[in-house]
Amino acid sequence: MDIEALKQAVCERVDALAPRLVHASRAIHANPELGYEERFAHDLLTELIEEQGLTAQRGAWGVSTAFDAQAGTSGPSIAVLCEYDALPGIGHACGHNVIAAAGLGAGLAAASVAEAAGGRVRIMGTPAEESGGGKVLMARAGAFEDVDAAMMVHPADADLTAIDAIAIQQLLVQFHGKAAHAAAAPWNGRNALDAAVLGYMNVAALRQHIRPEERIHGIFTRGGDKPNIVPSETAMEWYVRSGTLESLQPLMQRVLGCLQGAADACEVEMTHQWVGISYADMIDNVAMVQAYAGNAARLGRVVLDPAAAHKVTGSTDMGNISYLVPSIHPMIQVAEHGVPIHSVAFAEFAGGEGGDRAVIDGAKAMAMTVIDLWTSPDLLARAKAEFDRRPTGVPVL
Ligand SMILES: [Zn+2]
Ligand SMILES: [Zn+2]
């Protein structure tokens, strides 16, 4: 089969699957689950995969709500990723139900021609994107070692080639001083609250001299027990964000320097932990996203460069994957222009007709892009050559 016949075949397969895909999207939307609790979505998606004759590995890569399925026996291995976690209080306001159903449709359609086209496709269920870094846990267990390229689509209020994903790291800090009676013998005390306050002010001063895309936000989580006791133990929580994982490293050190300087001034000890999983920035593979945009255009979707149109800023664990294999994270329109993700209004669009259309078009555009990656060796080679120029030396797992 030639490329055109294969693309026609996958689009017809998505049309045949459309009622199931739309039902899956709406059912996941109606049953929002937080990260690592997505049992309903995990079970529904794996059942649909097995109904189509594939084997789904449940609880894959040691993550209980992850899954993995494969079709094809030789050739390049392309992963289509499904997210399905929701947000507390506002449900599927990030539209991950659309990501799940579009990924499922793309993967099943590509699977139906994998042998004929000489390629392999993986349908991977990647939980806990909003927090918890499901993709990172899966990658640590080896999930992406046999993958040549990875893709997903994310709902938005426009069709865009990329999300503007910046790197983020969480920091916990504790100051340890010496308690004393604040009236009777303050000279015996060393004030851990003063250290936290000065540290906060030091970071405020630092903010004037950081890059426009960088963000630092902090709160006090422990500030003392009683006014008449010199506070001996205080604690803060910080988020540090920068354009890339590489530029994040020196910013993390500058923040730590501000806090340590405050501890030194107050003669208290400071301890800190860089906690959780840092989400990397997204390295969007241009060769792959051009192929995706070409395929989306065939469906009547004009996919614009975010710089020229409109951008969606956030952080995602797909960024970490983009440092491991050539990857794309295009945004697909489900909502009216101007409706931001993580809003109640966006959740309605994700569960409505705009979401349904994005499921079908996203599935087709990704399935056709898988065909391009399988059948045009030049495309995968260009994607890999571009990937090889990524920054290295910063750990992403
Ligand atoms: Zn999202
Ligand atoms: Zn989100």
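Everything discussed here concerns the structure shown above.
Residues numbered from 1 in each chain as written. Chains lettered and ligands numbered in written order. Predicted model: local features only at pLDDT ≥ 70, side-chain atom pairs only at ≥ 80, totals over all residues. Heavy atoms only, no water.

Student: Tell me what's going on with the overall build of the chain, and back it up with residues and numbers.
Tutor: Along its length, the chain carries 11 helices and 14 strands. The C-alpha atoms of the chain give 24 Å as radius of gyration, which agrees with the globular expectation for 397 residues (21 Å, within 12%). Summarising its shape, the C-alpha atoms of the chain cover approximately 85 × 40 × 40 Å along the three principal directions. Counting only residues that meet the buried cut, the chain has 56% of its 397 residues in that class. Long-range pairs, those at least 24 residues apart, make up 80% of the contacts in the chain with a sequence separation of at least 6. Accessible surface for the chain amounts to roughly 15700 Å². Of this, 53% is attributable to carbon and sulfur atoms. Between the centroid of the 28 positive side chains of the chain and the centroid of its 46 negative side chains there is a distance of 3 Å. (Helix = DSSP H or I, 4+ residues; strand = E, 2+ residues; numbered from the N terminus. Rg over C-alpha atoms; globule rule 2.2 N^0.38 Å. Buried < 20%, exposed > 50% of the residue type's maximum accessible area, 1.4 Å probe, protein only. Contact = heavy atoms within 4.5 Å. Areas by Shrake-Rupley, 256 points an atom, 1.4 Å probe, with all protein chains shown as cover. Lys, Arg positive; Asp, Glu negative; His and termini not counted. Charge placed at Lys NZ, Arg CZ, Asp CG, Glu CD.)

Student: With reference to specific residues and values, describe helix α2 (residues 39-51).
Tutor: Relative to the 18 Å expected for 13 residues at 1.5 Å per residue, α2 spans 18 Å between its end C-alpha atoms, a close match to the ideal helical length. Buried within α2 are the following residues: A41, H42, L44, L45, T46, L48 and I49. Looking at the buried positions of α2, the neighbouring elements they touch are α1 (3-30), β1 (56-58), β2 (67-71), α3 (96-117) and β4 (120-125). Following α2 by one or two positions, G53 has its phi on the positive side, about 90 degrees. (Expected span 1.5 Å × (residues − 1).)

Student: Outline the pattern of salt bridges, supporting the account with residue identities and numerical values.
Tutor: Enumeration according to the criterion identifies 19 salt bridges in this entry. In this structure, the salt-bridge partner of R20 is E51, at a minimum N-O distance of 2.4 Å. Here the residue R20 occupies a position in helix α1, and E51 occupies one in helix α2, the gap between them amounting to 31 residues. Residue classification places R20 among the partly exposed residues on the basis of a relative accessible area of 39%. (Salt bridge = Lys/Arg side-chain N within 4 Å of Asp/Glu carboxyl O.)

Student: A description of the sheet that holds strand β9 (residues 215-222) should follow, citing residues and the corresponding values.
Tutor: Read from one edge of the open sheet, four strands run β9-β10-β8-β11, paired in antiparallel fashion. Bordering the open sheet on either side are β9 and β11 (269-279), each of which pairs with just one other strand. Sheet twist, expressed as the mean angle between neighbouring strand axes with direction ignored, is 20 degrees. Inspection of the sheet shows strand β8 (residues 167-176) paired to strand β10 (residues 233-242) by 10 bridges, in the antiparallel sense. Looking at the pairing, V173 lines up with M236 of β10. The strands touched by helix α5 (residues 192-206) within the sheet are β8, β9 and β10, with β10 carrying the most contacts at an inclination of about 15 degrees. (Pairing = 2+ DSSP bridges. Axes fitted to C-alpha atoms, helices over the stretch in contact; angles between N-to-C directions.)

Student: Could you give an account of helix α10 (residues 353-375), with specific residues and numbers?
Tutor: Taking 1.5 Å per residue as the helical rise, α10 with its 23 residues ought to reach 33 Å, and the 33 Å between its terminal C-alpha atoms agrees with that figure. Extensive coverage of α10 is indicated by the burial of 20 of its 23 residues.

Student: Which residues make up the coordination of the zinc ion (ligand 2), and what are the values?
Tutor: Taken together, C94 (SG), E130 (OE), E130 (OE) and H342 (NE2) make up the protein donors of the zinc ion (ligand 2), found 2.0 to 2.7 Å from the metal. Taken together, the four donor atoms coordinating the zinc ion (ligand 2) and their angles of 53 to 149 degrees define a geometry best described as irregular. If you list the donors of the zinc ion (ligand 2) from N- to C-terminus, the spacing comes out as C-x35-E-x211-H. A relative accessible area of 37% means that H342 is categorised as partly exposed. (Donors = N, O, S within 2.8 Å, 3.2 Å for Na, K, Ca; no water. Tetrahedral: all angles 85-135°; square planar, octahedral: opposite > 155°, others 65-115°.)

Student: Tell me about the environment of D378, and name the residues and values.
Tutor: Looking at the element boundaries, D378 is found in helix α11 (residues 377-387). Judged by its relative accessible area of 47%, D378 falls in the partly exposed class. As for D378 and A287, which are separated by 91 residues in sequence, their C-alpha atoms are 10.0 Å apart.

Student: Before we move on, can you summarise the sheet that holds β4 with the specific residues and values?
Tutor: In a beta sheet, neighbouring strands are held together by backbone hydrogen bonds and run either parallel or antiparallel to one another. Pairing within the open sheet is mixed, and its six strands lie in the order β1-β2-β4-β3-β5-β13. Since the sheet does not close on itself, it has two edges, and those belong to β1 and β13 (327-328), each with one partner. Running at roughly 155 degrees to strand β3 (residues 77-82), α3 makes contact with β2, β3 and β4 of the sheet.

Student: Tell me about the environment of R298, and please be specific about residues and values.
Tutor: With respect to the helices, strands and loops of the structure, R298 is situated in helix α7 (residues 286-298). Overall, the relative accessible area of 44% leaves R298 in the partly exposed class. Along the primary structure R298 and D194 are separated by 104 residues, whereas in three dimensions their C-alpha atoms are 62 Å apart. Setting aside its immediate chain neighbours within four residues, R298 contacts E4, K7 and M368.

Student: An account of the packing of α7 against α11 is needed here, citing residue identities and associated values.
Tutor: Two numbers describe how α7 lies on α11: the axes approach to 7 Å, and their chain directions differ by 140 degrees. Between α7 and α11, the angle falls in the class oblique. Contact with α7, carried on its side by V286, A287, M288 and A291, involves L379, R382, A383 and E386 of α11 and no other residues of that element. A class-by-class count of the residues in the contact of α7 with α11 yields six nonpolar, no polar and two charged. (Parallel < 35°, antiparallel > 145°, perpendicular 65-115°, else oblique. Nonpolar A, V, L, I, M, F, W, Y, C, P; charged D, E, K, R; others polar.)

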